[in-house]
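Overview (structure and organization)
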Amino acid sequence: MSDAQLTARSLELLLGTWRTSAASYAALADRIRLLVLDGRVPIGTRLPAERDLAGRLQLSRTTVAAAYRQLREGGFVDSVRGSGSVTRLPGRTLPLPATGGEGMLDFTKASLPAASPLAAAARAAAEELPRFLPDPGYDPVGLPHLRAEIAERYTRRGLPTDPGQILVTVGAQQAIALIARTFLQRGDRVVIEVPTYPHAIEAMRLAGARLVPITVTAPEEGPHRLGEETDGWDAEGIEQTFRRANPALAYLIPDFHNPTGASMSPETRRRVLAAAAGHGTIVVADETTAELDIDRVGEYLPLPSYADPATPAAPIVMIGSASKTLWGGLRIGWIRAERSHIQRLIAAKPATDLGTPVIEQLVVAQLLPQLAEIAEERREQLRLGRAEVHRLVAETFPEWTVPPQHGGLTAWVGIGAPVSSALALAARSHGLLIAAGPRFGLDGAFERFLRIPITYTPEEYDRAFTALSRAWAVAASEPAPYFDQGALPSVV
Ligand SMILES: Cc1ncc(COP(=O)(O)O)c(C=O)c1O
């Protein structure tokens, strides 16, 4: 539940292109319903007053009142005396988030099954466990040998690191939320890529951040070579944004960005770090997807390697995760930062979490030395998934565009018409959960994009594209959104 209030202007931004051939009140109600179902307007949010929204959208107050009435009748809004119209979902209890169970195919998860040596590593970890059982088991910073192994991996990649610079977390998600909560004050500006990983947006907002977007586009056609200018980021725009916003923090995904698959060129990395250094901005580099390289050309060093040694560097906090290389079910991630930052993070952590599970850490410590072979296995799985997505899009939706990509977990597909939300909602009725483009943005943008994971099997893609083509027939002809009563699951 949320106690947020939406201004008329914020709602207008979220609405995007909402007018259809339907009557205005019905189209408006449909679009607000979609925003609620899609999680973009949280349950419990107070909608703008009818008069304000009518003024903003240049509608009559009667039209807005009729839209709110329709939402109320459908169970999407409660009108509470003195509190206005508050969003809710129909039914007496909130539905649990929809999951991939019960015959549904869940493409909201861009994630691979467990790496093949995982079960053997779990058995080996169980053998090791007795050594740890005499301890209380509350491990707030991470097992020493795991931290040493993670530190050693950074050192081998060219970034000398000691174990005191590593904090093990419950997945990268906890790392993002902890960093936000520890380093941000309410009202601080945070630079964030759009589109981006949606739960980072939520974590920053929860910490009270004011988000300042920078745009990332999917890579251009052609071999994406080291140092290439057109990497998807607008370095000049980023410099201007830093000058204008003076941000406290920037959250970036420099390698195989989720959802576009783009990777920052070394030149962009240098310019981002120089801009951040000029403003004392903490740069958070989320490397959850960084090791999922299919066929990128060149050697990419960890972000701090691109700082200008002649000027005082921006503080850089790196996030890593075992979720995409080893298995999401382990829930192990980590933070690499200067010791003083790690100390602050450790001090802040117990408010929400008393330690990372020991057995899972043992499993990860077993598997990290095998990461090179596991990366090879991942490369083949992703290569296959990428080929399937390209083939099926070309066959099923020749008007859609799939950008070239050289790694990561997702294809950021251009669908040509602003109907991504309607498509995703219609796809549910055909057994496919998939995240619509606007899930990855801030303000209702990206209706012309659909994120398709490249992590599934040919059989699953056959089913998914059958569902998509049925849903497309509805969404493309009738952009007014479909809806059902399931809340949206997490999007990874
Ligand atoms: C960029 C990015 N960061 C963080 C996460 C969350 O990772 P974890 O499962 O380790 O919490 C994801 C998951 O998809 C991601 O794509």
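Residues numbered from 1 in each chain as written. Predicted model: local features only at pLDDT ≥ 70, side-chain atom pairs only at ≥ 80, totals over all residues. Heavy atoms only, no water.

It is worth spelling out the packing of aromatic side chains at this point. Scanning the entire structure with this criterion turns up 11 aromatic pairs. Ring geometry for Phe-107 and Tyr-456: centres 4.3 Å apart, planes at 15°, overall stacked. Residue Phe-107 is found in the loop between strand 3 (105–106) and helix 5 (118–128), and its partner Tyr-456 is found in the loop between strand 13 (449–453) and helix 15 (458–477); the two are separated by 349 residues along the sequence. Here the two residues Phe-107 and Tyr-456 agree in accessibility, since each one is buried. With 6.3 Å between their ring centres and 90° between their planes, Tyr-456 and Tyr-461 make a pair best called edge-to-face. Like Tyr-461, Tyr-456 is buried. Members of the aromatic cluster, joined through ring pairs, are Phe-397, Trp-400, Phe-465 and Trp-472. The ring of Tyr-300 carries the charged tip of Arg-296 above its face, separated from the ring centre by 3.7 Å. The lysine or arginine in question, Arg-336, covers the ring of Tyr-154, its NZ or CZ lying 5.9 Å from the ring centre. (Phe/Tyr/Trp six-rings, centres within 6.5 Å; stacked < 30°, edge-to-face > 60°. Helix = DSSP H or I, 4+ residues; strand = E, 2+ residues; numbered from the N terminus. Buried < 20%, exposed > 50% of the residue type's maximum accessible area, 1.4 Å probe, protein only. Lys NZ or Arg CZ within 6 Å of the ring centre and 35° of its normal.)

Further remarks concern the domain arrangement of the protein. In terms of domains, the protein is made up of domain 1 (8–87), domain 2 (105–114 + 373–477) and domain 3 (126–369). When each unit is reduced to the centre of its C-alpha atoms, the spacing between domain 1 and domain 2 is 29 Å. Taken together, the contacts link eight residues of domain 1 with nine residues of domain 2. Each partner contributes to the roughly 750 Å² buried at the junction of domain 1 and domain 2, and carbon and sulfur atoms together form 54% of this total. The interface formed by domain 1 and domain 2 contains one salt bridge. Counting across the interface, domain 1 meets domain 2 through one residue pair in polar contact (both at pLDDT 80 or more). Contributions of two or more residues to the side of domain 1 that touches domain 2 are made by helix 1 (8–15) and helix 2 (24–37). (Domains from an automatic or database assignment. Contact = heavy atoms within 4.5 Å. Buried area = accessible area lost by both parts, 1.4 Å probe. Salt bridge = Lys/Arg side-chain N within 4 Å of Asp/Glu carboxyl O. Polar contact = N/O pair within 3.5 Å; in protein donor to acceptor, adjacent residues only side chain to side chain.)

On to helix 5, then. Because an α-helix packs 3.6 residues into every turn, residues spaced three or four apart end up facing the same way. Among all positions of helix 5, only Leu-118, Ala-121, Ala-125 and Glu-128 are buried. Down the axis of helix 5, the buried side of the element spans an arc of 70°, and every buried residue falls inside it. Turned more than 90 degrees from where helix 5 packs its buried face, Arg-123 and Glu-127 sit exposed. Considering only its buried residues, helix 5 is in contact with helix 6 (144–156) and helix 12 (358–367). (Arc of directions from axis to C-beta.)

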